[in-house]
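Structure at a glance
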Amino acid sequence: MPAKVVKNFNVPTEQTNKSPQNLHPKKASFLDKLAQLRKAQENQALQRVQADKKYFTGKQRAKAIGYSVASKLIELNSPLKKSYINTLYCNSKIEKHDDTATSEYCKNRVCPICSRIRTAKLINSYVPIFKTWENLSFVTLTIPNVPGDELKNSIEKMDRVFKQIVDVLRKQKKPLKGTRKLEVTYNPKKTNYHPHFHLITEGFRDDLIKYWKDYLPEIDLQAQNIKQAREGSEKELFKYFSKVIFEGEFFPAALDTILQAVKGKRVFRSYGFKLSENQKEAEKIEKLQSQELTELRYLHKTDGAYYWQNDFRTWINWNDEMLHPYIPHKKTEKLISKINAAKKGSPGTDMQKKRPV
Ligand SMILES: [Zn+2]
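What counts, and at which threshold
- Residues numbered from 1 in each chain as written.
- Predicted model: local features only at pLDDT ≥ 70, side-chain atom pairs only at ≥ 80, totals over all residues.
- Helix = DSSP H or I, 4+ residues; strand = E, 2+ residues; numbered from the N terminus.
- Buried ≥ 20, exposed ≤ 12 C-beta atoms within 10 Å, placed from the backbone.
- Contact = placed C-beta atoms within 7 Å.
- Expected span 1.5 Å × (residues − 1).
- Pairing = 2+ DSSP bridges.
- Axes fitted to C-alpha atoms, helices over the stretch in contact; angles between N-to-C directions.
- Core = buried A, V, L, I, M, F, W, Y, C linked by C-beta atoms within 7 Å.
- Domains from an automatic or database assignment.
- Parallel < 35°, antiparallel > 145°, perpendicular 65-115°, else oblique.
- Nonpolar A, V, L, I, M, F, W, Y, C, P; charged D, E, K, R; others polar.
- pLDDT = per-residue confidence, 0-100.
- Left-handed = near helix turned anticlockwise from the far one by under 90°.

Along the protein chain, the regular secondary structure elements total 12 helices and 12 strands. The 357 residues of the protein chain split such that 27% are buried. A separation threshold of at least 6 residues defines the contact pool for the protein chain, and within that pool the share at least 24 residues apart is 74%.

Relative to the elements of secondary structure, K274 occurs in the loop between strand 9 (268-271) and helix 10 (277-283). According to the C-beta neighbour criterion, K274 is exposed, with 9 such atoms within 10 Å. In sequence terms K274 and I129 are 145 residues apart; their C-alpha atoms lie 9.7 Å from each other.

With 19 residues, helix 5 (residues 112-130) should reach 27 Å at 1.5 Å per residue; the first-to-last C-alpha distance of 25 Å fits that figure. Those residues of helix 5 not exposed but buried are P112, I113, C114, R118, L122 and Y126.

Before going further, it helps to spend a moment on the sheet that holds strand 9. If you trace the 5 strands from one edge of the open sheet to the other, you get 6-3-5-4-9, paired in antiparallel fashion. Taken across any chain shown, the strands that pair with only one partner, and hence form the sheet edges, are strand 6 (225-228) and strand 9. On average, each strand axis in the sheet is inclined to that of its neighbour by 20 degrees, with strand direction left out of account.

This paragraph deals with the nonpolar core. Counting 49 residues, the largest nonpolar core has V69, F251, L255, I258 and I339 as the members making the most contacts within it. At 7 residues, the largest contribution of residues to this core is made by helix 3 (residues 25-74). Of the residues that make up this core, three or more belong to each of domain 1 (60-110 + 289-354) and domain 2 (116-287). In terms of nonpolar packing, the next biggest core, distinct from the first, is built from 6 residues, A101, Y306, W308 and W315 among them.

In this section: the pairing of strand 5 (residues 192-202). Burial runs high along strand 5: 8 of the 11 residues are buried. Pairing between strand 4 (residues 178-187) and strand 5: 10 bridges, direction antiparallel. Directly across from E183, in strand 5, lies its bridge partner H196. Connecting the antiparallel pair strand 4 and strand 5 is a turn made up of 4 residues, with T191 showing a positive phi of about 45 degrees.

This next bit is on helix 9 (residues 252-262). Of all 11 residues in helix 9, 9 are buried, a share of seventy percent or more. Three or more residues of helix 9 are buried, namely P252, A253, A254, L255, D256, T257, I258, L259 and A261. Following helix 9 by one or two positions, G264 adopts a phi angle in the positive range, close to 75 degrees.

The subject of this paragraph is unusual backbone geometry. Although it is not a glycine, K107 adopts a positive phi angle of roughly 65 degrees. Along the chain, the position of K107 falls in the loop between strand 2 (100-102) and helix 5. At N135, a residue that is not glycine, the phi angle is positive and equals roughly 55 degrees. You can see N135 is positioned in the loop between helix 5 and strand 3 (136-142). Assessed through the 11 C-beta atoms surrounding it within 10 Å, N135 is described here as exposed.

Look at helix 3 against helix 5: their axes get within 7 Å of each other, and the N-to-C directions meet at 135 degrees. Overall, the two elements helix 3 and helix 5 adopt an arrangement that is oblique. Residue-level inspection shows G58, K59, A62, K63, I65 and G66 of helix 3 in contact with helix 5, the latter providing P112, I113 and R116. The class makeup of the residues in the contact of helix 3 with helix 5 is 4 nonpolar, 2 polar and 3 charged.

So, on to the confidence of the model for the protein chain. Caution applies to low-pLDDT parts of the model: their predicted coordinates are not meant to be read in detail. For the protein chain, per-residue confidence averages 83 on the pLDDT scale, and 83% of positions sit at 70 or higher. Of all helices and strands in the protein chain, the one with the weakest mean pLDDT is helix 1 (residues 2-10) (36), whereas helix 4 (residues 81-89) scores best (97). Contacts of residues 1-19 to residues separated by more than four positions or lying in other chains number 2 contacts, the stretch itself having pLDDT below 50.

On to the packing of helix 6 (residues 151-171) against helix 7 (residues 207-215), then. Two measures define how a pair of helices packs: the angle their axes make with one another and the distance between the axes. Close contact between helix 6 and helix 7 brings their axes to 10 Å; oriented N to C, the two are set at 125 degrees. Judged by the angle between their axes, helix 6 and helix 7 are oblique. The hand of the helix 6/helix 7 crossing is right-handed. For the pair formed by helix 6 and helix 7, the contact residues are V161, Q164, I165, V168 and L169 on the first element and D207, L208, Y211, W212 and Y215 on the second.

With respect to the helices, strands and loops of the structure, F268 is situated in strand 9. Looking at F268, the number of C-beta atoms within 10 Å reads 15, which means it is partly exposed. Sequence-wise, F268 and H198 are 70 residues apart; in three dimensions their C-alpha atoms are separated by 9.7 Å.

Here is the structure:
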């Protein structure tokens, strides 16, 4: 009967009977709070799970790329071979204990795992400072491309010239406020190298380009650049891992030449402002210690050591238990196969060695 059906709508169900509205106000508000708390805890747990997954996925991607890059660099028998071996083994073992995981870091510039940590630290240190500046610019200063055997000297010359410019600007009471990064790319067609500075500065500092040309008349003015910094400029500046793919290919010998030329040199320099001690820490490669993870609750894995199995792109313990399964994105696998396909020597560096000095 329709009337009954309508009436049924008003009959409180078992559930609504228990709803806080039907209870004493104090008890009801307590239950409400409890429900809210539980919901908050669930959300927090979910966020932790997502953060853990994101953390591991990023680390696994970096580990897989770093493994291939290091394997190729080791084949070269470079003076940096020992450091490349360290990169090959960076994070190859993860020790899980309760909610923490510990692993060893190689701290090398070429290592994608260490680079992503360093980039994150740098962004966290500098971005709050950049936010207090007005009218930020992104400046690029370059010199004409150089062969591999001139790369180190050219970088040192760029450094000297830049120092002179900073002094001149200070004397003119127009001190530079900014952060400078050294970057080197490789041109496989011309088999030469392109060292350049990227800067984030306060104000529109086109005077940097003017003086750069005064001190280095050989430079091409068209190749210098200044533009307003935009969202993401800081990421561009602090991207630590040098590019490994040039014109669609990986050239281990060229990368080795770059790494040898920048060895021991500071990639970042700041002018006109000081970082706090804490912020300075982020810049130092050697300060990168074995890191501890505290949020591993969702993994529910057996305690103990897990070893990187490159074929599976994950860490596995002696009982074949995976720490975190991961299927790389097609783009990542493509990048890795490009790295693996690289030949031992790259045309540029071989030719440069034979080049008369
Ligand atoms: Zn590393």
